Amino acid sequence: MSSSSLSIKRSPFRFFANRRRLLTFGGLAAAVVLLSGCTVFGDGTFAVGTGNTQASPGTYQSTGGSECYWQRTTDLSGSEGSIIANSFLNGPDVVTILPSDGGFQSQGCGLWTLLPSSGPEATSFGDGGYAIGIAIAPGTYSAPGGANCYWEQDSDFLDAGSSIISNDLPSGPVTVTLAPNAARFYVQGCGTWTQGTVTPVGDSCTATMSNSNPSDYTDDTVNITSNVADAPVLIDKYYDTLTSTDSGDTNSGGSASITFDDSGATLGYTVQVDVSINSGQAICSTSFTPQ
């Protein structure tokens, strides 16, 4: 699904799988890692202010992590009700801490530093939140997509519902043109984004058996290649007297290997194996004959 629409596709609060996870830090020791005054910091719980043990207001970018969580809060109580905005993501992110915020808490996001006024303006990137015109270049970007692909462009770095210019949960390849007033591009689970418009190609897959003539009561493996990345896979094996199903997922390159036990298969009977990726987005088949 390609999209450059500016209409909002989701609720502005966007509390869904792997997008928002409310965490409370009441039981988390406020072990602050303060590396350089009050504008460079890592994991911890911080009061917002101008003191040397506080996080100064400003816009920060993180080096990122595989399970980064941060939240802006009204105070340091650790209660869910104190949360102003939060995010749970893979990769780097960028957020503005306001002078009116009471606290900022971070876990697994790496190092936070003030956002520079200019940057590399990359034209290829993966999961994360990026400052447009600094971390990434403005323009049109395409990605292969995935079963849990989500993108969002925001007018600021506050990560509030009112910040959203447009967002989507597409299925299949996706193309997005960043809006002129967009400050942040947030992406998760869509694969690698590359600048430029990609002409969609037909979804395809190829399946082969590791052993086309396995012995009975042994394991065999279906090896799958496709252009559908990070998507669920189902394989149906049509034995002489029953049908058996196994599952797996393609990786970021669209490949998967699913191993199963062929115990009790009828010797000499050719077993057809049908492969369906992402509920039929790509379909292929192979077979094996137990000997």
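Residues numbered from 1 in each chain as written. Predicted model: local features only at pLDDT ≥ 70, side-chain atom pairs only at ≥ 80, totals over all residues. Heavy atoms only, no water.

What is the right way to look at the state of the cysteines in this model?
As enumerated under the stated definition, the model contains 3 disulfides in all. Between the sulfur atoms of Cys149 and its disulfide partner Cys190 the distance amounts to 1.9 Å. When the S-S torsion is 90°, as for the bridge of Cys149 with Cys190, the disulfide is right-handed. Of this pair, Cys149 sits in the loop between β11 (140–143) and β12 (150–154) while Cys190 sits in the loop between β15 (184–188) and β16 (193–195), placing them 41 residues apart in sequence. (Disulfide = S-S within 2.5 Å. Helix = DSSP H or I, 4+ residues; strand = E, 2+ residues; numbered from the N terminus.)

Sorry, what's going on with unusual backbone geometry here?
As a rule of thumb, non-glycine residues mostly have phi less than zero, and peptide bonds are mostly trans rather than cis. If you check the backbone angles, Asp230 has positive phi at about 50° while not being a glycine. Overall, Asp230 belongs to the partly exposed group, its relative accessible area being 30%. One non-glycine residue with positive phi stands out, namely Asn278, at about 55°. (Buried < 20%, exposed > 50% of the residue type's maximum accessible area, 1.4 Å probe, protein only.)

What exactly am I supposed to notice about the sheet that holds strand β18 (residues 219–226) here?
Two pairing modes exist for strands in a sheet, parallel and antiparallel, and in both the strands are linked by backbone hydrogen bonds. Spatially, β17-β18-β21 is the arrangement adopted by the 3 strands of the open sheet, whose pairing is antiparallel. The open sheet has two edge strands, β17 (205–209) and β21 (256–261), and neither has a second partner. Each strand of the sheet is rotated relative to its neighbour by a mean of 20°, with strand direction disregarded. Across 5 bridges, β17 lies against β18 in antiparallel orientation. Bridge pairing in β18 links Met209 to Val222. (Pairing = 2+ DSSP bridges. Axes fitted to C-alpha atoms, helices over the stretch in contact; angles between N-to-C directions.)

For this particular structure, what's the right way to read the pairing of β12?
The two faces of the sheet receive side chains in turn, since in a regular strand these alternate between them. The element β12 is largely enclosed, with a buried count of 5 among its 5 residues. Burial of β12 is two-sided: the residues Tyr150, Glu152 and Asp154 facing one way and the residues Trp151 and Gln153 facing the other way are all buried. Strand direction decides the pairing type here: β12 and β15, joined by 5 bridges, are antiparallel. In the strand pairing of β15, Tyr150 is matched with Gln188. Pairing of β12 with strand β13 (residues 164–168) involves 4 bridges; the strand directions are antiparallel. Bridge pairing in β13 links Trp151 to Asp168.

Got a minute to help me understand the pattern of salt bridges in this structure?
Two side chains that carry opposite charge are able to pair once their charged atoms sit near each other. This model, assessed by the stated rule, comprises 6 salt bridges. Across the salt bridge formed by Arg184 and Glu152, the nearest N and O atoms sit 3.8 Å from each other. Here Arg184 is found in strand β15, whereas its partner Glu152 is found in strand β12, with 32 residues between them in sequence. Both residues of the pair, Arg184 and Glu152, count as buried. The salt bridge partner of Asp154 is Arg184, with a shortest N-O separation of 2.6 Å. One end of the pair, Asp154, is in strand β12; the other, Arg184, is in strand β15, and 30 residues separate them in sequence. With a relative accessible area of 0%, Asp154 lands in the buried category. A single salt-bridge network, built from bridges that share partners, covers Asp93, Glu152, Asp154, Asp159 and Arg184. (Salt bridge = Lys/Arg side-chain N within 4 Å of Asp/Glu carboxyl O.)

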